[in-house]
Amino acid sequence: MTCAKYMNGTALKILAMATMLCDHIWGIGLSDHIWLHIVGRLAFPIFAFLIAEGYAHTKNFKAYCLRLLCFALVAEIPFNLMMGSPLYPFHQNVMFTFLLALLLLRGLDKFLEKYSSPMVQIIFAALFTALGYALGIVTFVDYFGCGILTVFLFYFTREKRWGWLLQLAGMWYINWVLLGGYSFVLHWMGHEILVPLQAFALLALLPIWLYNAQRGPGGKAFQYFTYAFYPGHILILVLLARWMGS
């Protein structure tokens, strides 16, 4: 798909952080404002896209994973508090989702380097995709297996001629079919269509398709800010919610 591309990496990160903030504000204290949750559906796909791009371009995979692991550990207690308990083993924060996806992609690439047959490569890609989905479920990471699938989707389709169409189909299947969840009725041309709230995640494809493959301004300082923003804003929201409820 050919179009003018104006979004650099910094702009995408800012958009992802802003929409994530909206979603967490909705989840912690403003549940009556459903529009915040709708806007928040854009955050995860944008972050997943950026993780796939980051993996494709990183010059130090181990350092990349170590950063994710460190901030995942830092974020776990604020995330657990947001879930309602300091210790909550049944749902891990999203940085663990991305870390698991990265490790699986690296494992897949190691296998693909050994085999040049397209058929064998397709088989390995399918096996690792199924493994990622299963591990996402049993490890209770955020978005579960669908989170891993979303990162894989963006990695497998990057720089492909018809990648945008595959992304649209994949995002529809992941968010409309697999995740589904709470739905509302849309009236259109005399018909009633049941639309899952999670389907609004497909709107994230619009800024993603405008990505111009440029990192954008900010440098290392902004990079670490984006990592720290995740546990930081969750902790602030949890403390505010408790203060307002006291």
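Residues numbered from 1 in each chain as written. Predicted model: local features only at pLDDT ≥ 70, side-chain atom pairs only at ≥ 80, totals over all residues. Heavy atoms only, no water.

Caption draft 1: Main features of the overall build of the chain. Summing up its helical and strand segments, the chain has ten helices and two strands in all. Counting helices and strands in the order they occur from the N terminus, the chain gives α-α-α-α-α-α-α-α-β-β-α-α. Against the globule reference of 18 Å for 246 residues, the chain gives a C-alpha radius of gyration of 18 Å, in line with a compact fold. Considered along the principal axes of its C-alpha atoms, the chain spans approximately 60 × 50 × 40 Å. For the chain, buried positions account for 44% of its 246 residues. (Helix = DSSP H or I, 4+ residues; strand = E, 2+ residues; numbered from the N terminus. Rg over C-alpha atoms; globule rule 2.2 N^0.38 Å. Buried < 20%, exposed > 50% of the residue type's maximum accessible area, 1.4 Å probe, protein only.)

Caption draft 2: Fine view of helix H1 (residues 9-28). Across its 20 residues, H1 extends 28 Å between first and last C-alpha, which sits within 8% of the 28 Å expected from 1.5 Å per residue. Looking at H1, one finds that the buried residues are Gly 9, Thr 10, Leu 12, Ala 16, Met 17, Thr 19, Met 20, Cys 22, Asp 23 and His 24. A side-chain oxygen of the first residue of H1 lies 3.1 Å from the backbone nitrogen of Thr 10; this N-cap is Asn 8. (Expected span 1.5 Å × (residues − 1). Polar contact = N/O pair within 3.5 Å; in protein donor to acceptor, adjacent residues only side chain to side chain.)

Caption draft 3: The arrangement of the packing of helix H7 (residues 144-157) against helix H8 (residues 163-179) in detail. Relative to each other, H7 and H8 sit at 170°, their axes nearing to 9 Å. Taken as axis vectors, H7 and H8 run roughly antiparallel relative to one another. For the pair H7 and H8, contact is made by Cys 146, Leu 149, Thr 150, Leu 153, Phe 154 and Thr 157 and by Gly 163, Leu 166, Gln 167, Gly 170, Met 171, Ile 174, Leu 178 and Leu 179, respectively. (Axes fitted to C-alpha atoms, helices over the stretch in contact; angles between N-to-C directions. Parallel < 35°, antiparallel > 145°, perpendicular 65-115°, else oblique. Contact = heavy atoms within 4.5 Å.)

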